Amino acid sequence: MPHPIARFALPTAHVDPRTGRAALTATALILLSMAAGSPVTAQDGAEGSGASLDGSPPPAFPASITRDARGRATVRAIRLDEPLVLDGELNESVYSEYRPFGDFVQVTPVAGDPSSERTDVWVTFDDTHVYVTCRCWDSSPPEEWVVNELRRDTPGLRNNENFGVMFDTFYDRRSGVMFYANALGARADYSVVDEGGPNTDWNPVWDVAGGQFEGGWVVEMAIPFKSLRYNSGPDQMWGIQLRRSIRHKNEWTYLNPVPPFLAGPQALNRISAAGTVVGLDLPPAGSNIELKPYAIGDLTTDRVSDPIRSNDLSADAGLDLKYGLTANLTADLTVNTDFAQVEVDEQQVNLTRFSLFFPEKRDFFLEGRGVFEFGQGGVGGFRPGGGGGFGRGGGDAPTLFYSRRIGLDQGAVIPIVGGGRVTGKVGPFGIGALNIQAGDDDSAGVQSTNFTVLRVKRDILERSSIGAIFTNRSVSTVGPGANQVYGVDAAFGVTQDFELGGYWARTETLGLAGNEQSWQAAASYESDRYGASATRLEVGDSFNPGIGFLRRSGFDKQSGSLRFSPRPESVEAIRKLTWEMGVDHFADDMNGLIQSRRQSATFDVEMESSDRFSIEAVREFERIEAPFDLSSTIRVPVGRYSFTSYRASLNAGEHRRLAGNVSFQWGEFYDGTIRALSVSRGRTVISDHLSLEPGVSFNLIDLPSYEEETQAVFRLRADYAFTPRMFASSLVQYNEADGALSSNVRFRWEYAPGSELFIVWTDERDTGPGGTGLRSRGLAVKVTRLLRY
């Protein structure tokens, strides 16, 4: 293996294709930085020391890390002559010949302080893979470590001791891909576009091995270049952020400093705070063609369909194709799309007069969804619900592209004939284009429909963008002809703490007359100690996004919130206190009459153990102009209602073997009363292989003229991981309102990288008074095979 100093070439210049000006290579910049005396991380026994496991001193090679004035690290990748063997044991010569880097800093509990435990990292690469290796020292005994997850992509992995990496492969400081794992080899991955919400359903092919040594644990990652998009060539630079969770201490540490208000795992998504990895000699990206054919067989019984189906046997096949048009532009094609392996929706209790929002779970629509998100700028993140549901939907602001409008109609599955999608970037422009052709369904009264979505965003300044969107639905659901939506939006990251943004959109639907426009202006300030937000939102009475989600229309909303979150030093057990107040005011967009008003005040205590306690008081006003049904037996009549309720919550730290949120609500509800018990995000770890996740929504409603009534949903999810690549899960739900008892059991085995076998069982029964018993039942077996060229 060559001496590490051979990685430094003499300073040379090249023409930067982005600016057209001569620029020094990344390696030259590092050399000049070191020659000028830039601060180099100390390696003499502190965090990041290259000392071997037996305590011997590291070799006297040049330091592999420097930091700029903001503390952002520049690290040097190491070229390998042969691939690493992933076995959780650091026996290869690279680990003794090359000094690691580290010096992680806390974001919590004490932002900016050094990590309480040492972390050694190596970034290496060969012709086919980039490798990230972490040696995580821990002075606590192993029995105190939180390591109990084996399943891939489980949310519980974030609550284990874990190590993760973010690569910004185009070095635009806006978008990145993330990989993290624990010492058992459980892994998770996701992508982020423009520092938006994470897309956890991005599932690239990569490998990982975990291990343990006396004094800590190890993670070795191998990520194929074929799983990434990047600019090829010698001496490339990527953005890099590293994260380590010391979960038994409720401590989160990062290679590069991040804003303190991002205390926790989410700071990995702040791409603009990342450092730089240099010296990457990257192979040609090529076209990266991926073919993924599937075959499926199913056995179905449906006693509520017309005609009734009984043990109908069928088989089908289809194909997904992914093709790299350029280094940063990807085309996806799908033919005869099937989603049999998707978990059923979690049932919800609806105590409002508005529609419920259900999240998308189908892989094809989840991949690349960040490109299509619209109007998120300035809405802030510290206040639940503040600013509405822009990208992922569900709030008061309309969602212009809600992919569940495609292939689903009021619970019925509509066949998808095929379609395509193009996503990526062309220079400073983010591009998203989607076209899907859905079939017809005579029994559901659905015609064959074409869906089109076009999205473009232009990067400007730092952490800022402007964009436009267009959607078309060939068959409108509310009148003859088609439905179109077009809009523009902007987001400005003024500082790390302050954001501004807004949008304007208009719909066109034959047969609708009235105000077809919607707009929003929003501002938010978020720091660790203080927070504030202000929003103005208008949705016209005839605004109709045909491929979107609209909770309510015909209103003008003004909202605001204030937050104060000190960290008391006098009480060791308390990490943070939060006082927060907010108001939402809805008026009719035509006559200005108040429709709704919600005023809230919340006090929250976060303990050092990560347990939380909170109490909230809410004062509400509702003007009901048309009666609506709360259930089949309770109707809320026309009138004006003012009512106050209270909620107390306890959230047990998610790293505990028994975790979850329990809340109790009591008080007035319209002209009556309500008492409600909720258990959400519940989870108990039985073993490294088995976990249970209970959920309860129990509501006791007492309104005048009606008998006291309960509305409840109970659910239990069980997950069993045989290995990190093989698991089984079940979801059993009971909805008291209609006596529906449903079960969904899924088995998934990734028998080869990217290739999977699914076995899925579903069963739904009517158990209410006079119920019909079995409604539907199905068994599906699906096999996919990934072929890469």
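The rules behind the values
- Residues numbered from 1 in each chain as written.
- Predicted model: local features only at pLDDT ≥ 70, side-chain atom pairs only at ≥ 80, totals over all residues.
- Heavy atoms only, no water.
- Helix = DSSP H or I, 4+ residues; strand = E, 2+ residues; numbered from the N terminus.
- Buried < 20%, exposed > 50% of the residue type's maximum accessible area, 1.4 Å probe, protein only.
- Contact = heavy atoms within 4.5 Å.
- Areas by Shrake-Rupley, 256 points an atom, 1.4 Å probe, with all protein chains shown as cover.
- Pairing = 2+ DSSP bridges.
- Core = buried A, V, L, I, M, F, W, Y, C linked by side-chain atoms within 4.5 Å.
- Phe/Tyr/Trp six-rings, centres within 6.5 Å; stacked < 30°, edge-to-face > 60°.
- Lys NZ or Arg CZ within 6 Å of the ring centre and 35° of its normal.
- pLDDT = per-residue confidence, 0-100.
- Salt bridge = Lys/Arg side-chain N within 4 Å of Asp/Glu carboxyl O.
- Polar contact = N/O pair within 3.5 Å; in protein donor to acceptor, adjacent residues only side chain to side chain.
- Patch = residues over 30% accessible without salt bridge, like charges linked within 9 Å, V, L, I, M, F, W, Y side chains within 5 Å.

Asks: What's the story with the overall build of the protein in this structure? I'm lost.
Replies: For the protein, the count of helices and strands is 3 helices and 45 strands. Within the protein, the fraction of its 789 residues that count as buried is 53%. Taking the contacts inside the protein whose residues are at least 6 apart along the sequence as the reference set, 59% of them involve residues at least 24 apart. Accessible surface, the protein: about 33300 Å² in total, of which carbon and sulfur atoms supply 57%.

Asks: Would you mind going over the pairing of strand β14 (residues 233-246) with me for this structure?
Replies: Within a regular strand, side chains alternate between the sheet's two faces. The buried fraction of β14 amounts to 11 of the 14 residues, a majority that puts the element mostly inside the structure. Where strand β9 (residues 162-168) and β14 come together, 7 bridges link them in antiparallel fashion. Across the sheet, residue Val 165 finds its bridge partner in β14, namely Leu 242. Two strands pair when backbone bridges link them, and β14 and strand β16 (residues 275-282) are joined in this way by 5 bridges, in the antiparallel orientation. Note on β16: the bridge partner recorded for Ile 240 is Gly 275. The pairing of β14 with strand β15 (residues 251-254) spans 4 bridges and is antiparallel. Within β15, the residue paired with Ser 245 across the bridge is Trp 252. Between the antiparallel neighbours β14 and β15 lie 4 residues, among them Asn 250 with a positive phi of about 55 degrees.

Asks: Could you clarify how one ought to interpret the pairing of strand β36 (residues 639-652) in this entry?
Replies: Of the strand pairs in this sheet, strand β33 (residues 612-624) and β36 are connected by 13 bridges, and their pairing is antiparallel. By the bridge assignment, Ala 617 is partnered in β36 with Tyr 646. Pairing of β36 with strand β37 (residues 658-669) involves 8 bridges; the strand directions are antiparallel. Note that in β37 the partner of Arg 647 across the bridge is Gln 665. Here β36 folds back onto β37, and the loop between the two strands holds 5 residues.

Asks: For this particular structure, what's the right way to read the nonpolar core?
Replies: Considering soluble globular proteins, one finds that nonpolar side chains tend to be buried as a cluster. Core analysis: the largest hydrophobic core is formed by 40 residues, its most contacted members being Phe 163, Phe 167, Phe 179, Met 221, Trp 238 and Leu 242. Only β4 (73-76), β7 (119-125), β8 (129-137), β9, β10 (176-181), β13 (216-224), β14 and β16 provide two or more residues apiece to this core. Not counting chain neighbours up to four residues away, the residues in contact with Leu 242 comprise Phe 101, Phe 104, Val 121, Val 132, Phe 163, Gly 164, Val 165, Thr 253, Tyr 254 and Leu 255. With 27 residues, the next largest nonpolar core counts Val 342, Phe 374, Phe 401 and Ile 469 among its residues.

Asks: Explain the environment of Met 178 here, please?
Replies: Considering the arrangement of structural elements, one finds Met 178 in strand β10. What makes Met 178 buried here is its relative accessible area of 0%. It is 8.3 Å that separates the C-alpha atoms of Met 178 and Ala 188, two residues lying 10 residues apart in sequence. When near neighbours in sequence (up to four residues on either side) are disregarded, Met 178 contacts Val 165, Met 166, Ala 188, Asp 189, Tyr 190, Val 192, Trp 202, Leu 268, Asn 269 and Ile 271.

Asks: Quick question: what am I supposed to make of the packing of aromatic side chains here?
Replies: Where two aromatic rings form a pair, the distance of their centres and the angle of their planes describe that pair. Tallying each qualifying case throughout the model produces 30 aromatic pairs. Chaining the aromatic ring pairs together yields one cluster made of Phe 628, Tyr 641, Phe 643, Phe 669 and Tyr 670. Stacked on the ring of Phe 364, the Lys or Arg Arg 421 has its end atom at 4.3 Å from the ring centre.

Asks: So what exactly am I meant to see when it comes to the confidence of the model for the protein here?
Replies: For residues with low pLDDT, the predicted coordinates do not support detailed interpretation. With 90% of its residues at a pLDDT of at least 70, the protein reaches an overall mean of 87. Segment residues 381-391 is flagged for pLDDT under 50; beyond a separation of four residues in sequence, or across chains, it makes 43 contacts in the model.

Asks: Before we go on, may I ask you to explain the side chain of Ser 755 in this structure?
Replies: With respect to the element layout, Ser 755 can be found in strand β43 (residues 755-766). Not counting residues within four places of it along the chain, the set of residues in contact with Ser 755 comprises Trp 749, Glu 750, Thr 784, Arg 785 and Leu 786.

Asks: What is the right way to read the sheet that holds strand β12 (residues 207-213) from this model?
Replies: Backbone hydrogen bonds are what pair the strands of a sheet, in a parallel or an antiparallel way. The strand order across the open sheet formed by 5 strands is β5-β7-β8-β13-β12, and the pairing between neighbours is mixed. Both outer strands of the open sheet, β5 (78-79) and β12, are each paired with one neighbouring strand and no more.

Asks: Help me understand the pattern of salt bridges in this model?
Replies: Close approach of charged atoms allows side chains with opposite charge to pair. Under the definition given, this model contains 56 salt bridges. With its nearest N and O atoms 3.8 Å apart, the salt bridge here joins Arg 715 to Glu 346. Of this pair, Arg 715 sits in strand β40 (residues 709-723) while Glu 346 sits in the loop between β19 (329-337) and α3 (363-366), placing them 369 residues apart in sequence. A salt bridge links Glu 346 to Arg 717, with the nearest nitrogen and oxygen atoms 2.9 Å apart. With Glu 346 in the loop between β19 and α3 and Arg 717 in strand β40, the pair connects residues that are 371 residues apart, well separated along the chain. Because the salt bridges share partners, they merge into one network encompassing Glu 149, Glu 343, Glu 346, Lys 361, Arg 683, Glu 693, Arg 715 and Arg 717.

Asks: Before we go on, may I ask you to explain unusual backbone geometry in this structure?
Replies: The phi torsion of most residues other than glycine is negative, and most of the peptide bonds are trans. With omega at 15 degrees, the peptide bond leading from Thr 108 into Pro 109 counts as cis. When you line up the elements, Pro 109 lands in the loop between β6 (105-108) and β7. The backbone phi angle of Ser 610 is positive, close to 80 degrees, even though this residue is not glycine. What makes Ser 610 buried here is its relative accessible area of 11%.

Asks: So what exactly am I meant to see when it comes to the environment of Arg 309 here?
Replies: Mapped onto the fold, Arg 309 is located in strand β18 (residues 309-326). As for Arg 309 and Ser 776, which are separated by 467 residues in sequence, their C-alpha atoms are 9.0 Å apart. Leave out the neighbours within four places in its chain, and Arg 309 touches Thr 300, Thr 301 and Asp 302. A distance of 3.2 Å separates polar atoms of two side chains, one belonging to Arg 309 and the other to Asp 312.

Asks: Please clarify how a nonpolar patch on the surface should be interpreted in this entry.
Replies: The grouping of Leu 299, Leu 313, Val 745, Ile 759, Trp 761, Leu 779, Val 781 and Val 783 at the surface amounts to a nonpolar patch, some 630 Å² of accessible area in total. Counting only elements with at least two residues in the nonpolar patch, the list comes to β43 and β44 (773-784). With 3 residues, β44 is the largest single contributor of residues to the nonpolar patch. With respect to the element layout, Leu 299 can be found in strand β17 (residues 290-302).

Asks: Explain the environment of Gly 768 here, please?
Replies: Relative to the elements of secondary structure, Gly 768 occurs in the loop between β43 and β44. Sequence spacing of Gly 768 and Asp 738 is 30 residues, and the spatial spacing of their C-alpha atoms is 6.5 Å.

Asks: Help me understand the side chain of Arg 683, please; the structure alone is not making it clear to me.
Replies: Secondary-structure assignment places Arg 683 in strand β38 (residues 672-685). Looking at Arg 683, the relative accessible area reads 13%, which means it is buried.

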